[in-house]
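If you want the building blocks of each chain, they are given just below.
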Amino acid sequence: RFGRSLVHSVPSRSAGSSLQTPRGRWLGSRPRRHRSVGQDPTLKTTLSKIGDEIITVNELLNQFELEIQYQEQTNSSLKELCKSLEEEFKDVEHLKEHIPSHLPQVTVTQSSTHKPDLDPKESVKAEEPVLPKKPPKEQRVIKEMHFITTDEFSGVPAYMKSRLTYCQINDVIKEINKAVVSKYKIIHQPKASMSSVKRNLYQRFINEETKDTKGRHFIVEADIKEFTTLKVDKKFHVIMNILRHCQRLSEVRGGGLTRYVIT
């Protein structure tokens with residue numbers, strides 16, 4: 001009897017059934033196996049296509065980066081070129097406004113083919129010499145400082161020019177010429193057409209003249225501050241020493257002022 005109860009208390013194991021051990025592991029049932037990616041040809045082909053597309057996209061991104069770098073460099077070069085052209089245009093305008101009076105004037109001659117037939121009597125009159133017109137009043141030429149050459153810059157001692165460049169010195173010369181022209185335009189202007197501001201400047205210009213500067217063009221530091229954007233600092237004085245070394249200017253001191261005379 002005891003044996004029967006023991007037999008009935010043990011569950012029977014039929015096909016497909018499973019038993020669970022005290023630790024919770026199931027016996028008698030096997031897990032279902034899934035097919036791996038490598039065994040599925042469709043998935044393998046899809047992954048291969050995705051990999052090729054990723055490589056193509058990566059190459060396109062690299063090309064885009066190179067193109068962006070090229071465009072940035074081109075943009076920078078165009079900005080520098082535009083700035084250079086603006087400076088050249090200003091120089092041309094300056095030269096156009098200050099053409100020396102001693103240069104010959106351009107005259108337009110008409111072709112003989114366009115002349116109408118004249119009567120012989122009228123032709124005799126036309127051949128009579130025409131008296132020259134009274135020459136125009138000579139314009140006052142404002143003396144400007146010439147730019148230094150590369151050979152002159154090479155001859156400047158290294159201790160004097162330090163880290164200054166050839167272009168920096170000529171840029172200062174350009175600003176000095178601007179101050180000289182602005183100053184002497186006011187001096188040559190009729191007083192009746194002057195404004196109160198220009199009259200005050202004119203009076204200062206006259207008071208700053210001495211017997212050593214008579215008939216010569218010069219400026220002072222106040223003119224640099226008035227007509228240019230240059231800073232009168234240590235660098236400015238170093239460049240003025242270089243210009244004096246290159247015989248572009250000389251200094252006349254007196255009355256607490258340093259007059260930079262254009263030579």
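Residues numbered from 1 in each chain as written. Predicted model: local features only at pLDDT ≥ 70, side-chain atom pairs only at ≥ 80, totals over all residues. Heavy atoms only, no water.

### What about the pairing of strand β4 (residues 249–254)?
The following threshold applies: For two strands to count as paired, DSSP must find a minimum of two bridges between them. Secondary structure is summarised from DSSP: a helix means a run of H or I of at least four residues, a strand means a run of E of at least two, and numbering begins at the N terminus for each.
In the sheet, β4 pairs with strand β5 (residues 257–262) via six bridges, with the strands oriented antiparallel. Residue pairing across strands places Gly254 opposite Leu257, the latter belonging to β5. Once β4 ends, the chain turns through two residues before running back antiparallel as β5, passing Gly255 with a positive phi of about 65°.

### Topic: the pattern of salt bridges
The criterion, for reference: For this document, the term salt bridge refers to a Lys or Arg side-chain nitrogen within 4 Å of an Asp or Glu carboxyl oxygen. The buried label applies to any residue whose accessible area, calculated with a 1.4 Å probe on protein chains only, is under 20% of its type's maximum; exposed applies above 50%, and partly exposed to all values in between.
The tally for this structure, following the rule as stated, stands at eight salt bridges. The shortest N-O distance in the salt bridge between Lys178 and Glu175 comes to 3.4 Å. Taken together, the residues Lys178 and Glu175, both in helix α6 (residues 166–188) and three residues apart, mark about one turn of the helix. Of the charged contacts in the structure, one is a salt bridge between Arg244 and Glu251, with a shortest N-O distance of 2.6 Å. Exposure remark for Glu251: the relative accessible area of 25% places this residue in the partly exposed category. Through salt bridges with shared partners, one network takes in Lys183, Arg204, Glu208 and Asp223.

### Observations concerning the confidence of the model for the protein chain
Quick note on the threshold: How sure the predictor is of each residue is captured by pLDDT, a score from 0 to 100. In what follows, residue pairs with any heavy atoms lying within 4.5 Å of each other are defined as contacts.
Counting all residues, the mean pLDDT for the protein chain is 79, and 70% of those residues have values of 70 or more. Of all secondary-structure elements in the protein chain, the lowest mean pLDDT belongs to helix α1 (residues 2–9), at 44, while strand β3 (residues 218–219) reaches the highest, 96. For the stretch residues 1–29, pLDDT sits under 50, and the model shows 12 contacts to residues farther than four places along the chain or on other chains.

### Details of the nonpolar core
To be explicit about the condition: Here, the term nonpolar core denotes a set of buried Ala, Val, Leu, Ile, Met, Phe, Trp, Tyr and Cys residues that are joined through side-chain atoms within 4.5 Å.
One finds Ile169, Ile176 and Leu243 to be the most contacted residues of the largest nonpolar core, which totals 37 residues. The element best represented in this core is α6, accounting for 10 residues. When neighbours within four sequence positions are excluded, Ile176 is seen to be in contact with Met145, Ile219, Ile224, Met240, Leu243 and Ile262.

### Considering the side chain of Thr258
Note the cut-off: A 3.5 Å cut-off defines polar contacts: any pair of N or O atoms within that distance qualifies, except that in protein one atom must be a possible hydrogen donor and the other a possible acceptor, and neighbouring residues in sequence count only when both atoms are side-chain atoms.
Considering the arrangement of structural elements, one finds Thr258 in strand β5. In this structure Thr258 comes out as buried when scored by relative accessible area, which is 16%. Among the polar contacts made by the side chain of Thr258, one reaches the side chain of Arg253 at a distance of 3.0 Å. Beyond its immediate sequence surroundings of up to four residues, Thr258 is in contact with Ile219, Val220, Glu251, Val252 and Arg253.

### Examining the UniProt feature "coiled-coil region" (unreviewed entry) in the protein chain
Basically, it comes down to this: UniProt positions are given in the numbering used here, feature names are shortened, and annotations may be inferred rather than shown by experiment.
Within this structure's numbering, the places UniProt gives as "coiled-coil region" (unreviewed entry) are residues 68–95. Helix makes up 100% of residues 68–95 and strand 0%, with an end-to-end C-alpha separation of 41 Å.

### Regarding the packing of α6 against helix α9 (residues 234–245)
Geometrically, a packed helix pair is captured by the angle between its two axes and the distance between the axes. Selection rule: To obtain an axis, a line is fitted to C-alpha atoms, over the contacting stretch when the element is a helix, and the angle between two such axes runs from 0 to 180 degrees between their N-to-C directions. Orientation categories follow fixed angle ranges, with anything under 35 degrees roughly parallel, anything over 145 roughly antiparallel, 65 to 115 roughly perpendicular, and all other angles oblique. Charged means Asp, Glu, Lys or Arg here, nonpolar means Ala, Val, Leu, Ile, Met, Phe, Trp, Tyr, Cys or Pro, and polar covers whatever is left, Gly included.
Two elements in contact, α6 and α9, have axes whose closest approach is 10 Å; the angle formed by their N-to-C orientations is 90°. Comparing the axis directions of α6 and α9 gives the class roughly perpendicular. Residue-level inspection shows Gln168, Ile169, Val172, Ile173 and Ile176 of α6 in contact with α9, the latter providing Lys235, Ile239, Met240, Ile242 and Leu243. For the contact of α6 with α9, the per-class residue count stands at eight nonpolar, one polar and one charged.

### Side note on the sheet that holds β5
Spatially, β3-β5-β4 is the arrangement adopted by the three strands of the open sheet, whose pairing is antiparallel. In the strand order of this sheet, the two ends are held by β3 and β4, each with one partner. As paired strands, β3 and β5 are joined by two bridges and run antiparallel to one another. Counterpart to Ile219 in the pairing with β5 is Tyr260. Packing against the sheet, α9 makes contact with β4 and β5, and its axis sits at approximately 115° to β4.

### Brief notes about α9
Threshold: Working rule for helices: expected span equals 1.5 Å times residues minus one. It is the directions from the helix axis to the C-beta atoms that the arc portrays.
Along its 12 residues, α9 runs 17 Å from first to last C-alpha, staying within 8% of the 16 Å computed at 1.5 Å per residue. For α9, the complete set of buried residues consists of Phe236, Ile239, Met240, Ile242 and Leu243. All buried residues of α9 lie within an arc of 155° about the axis, which places them on one face of the element. Where α9 is buried, its residues contact α5 (158–161), α6, α8 (221–227), β4 and β5.

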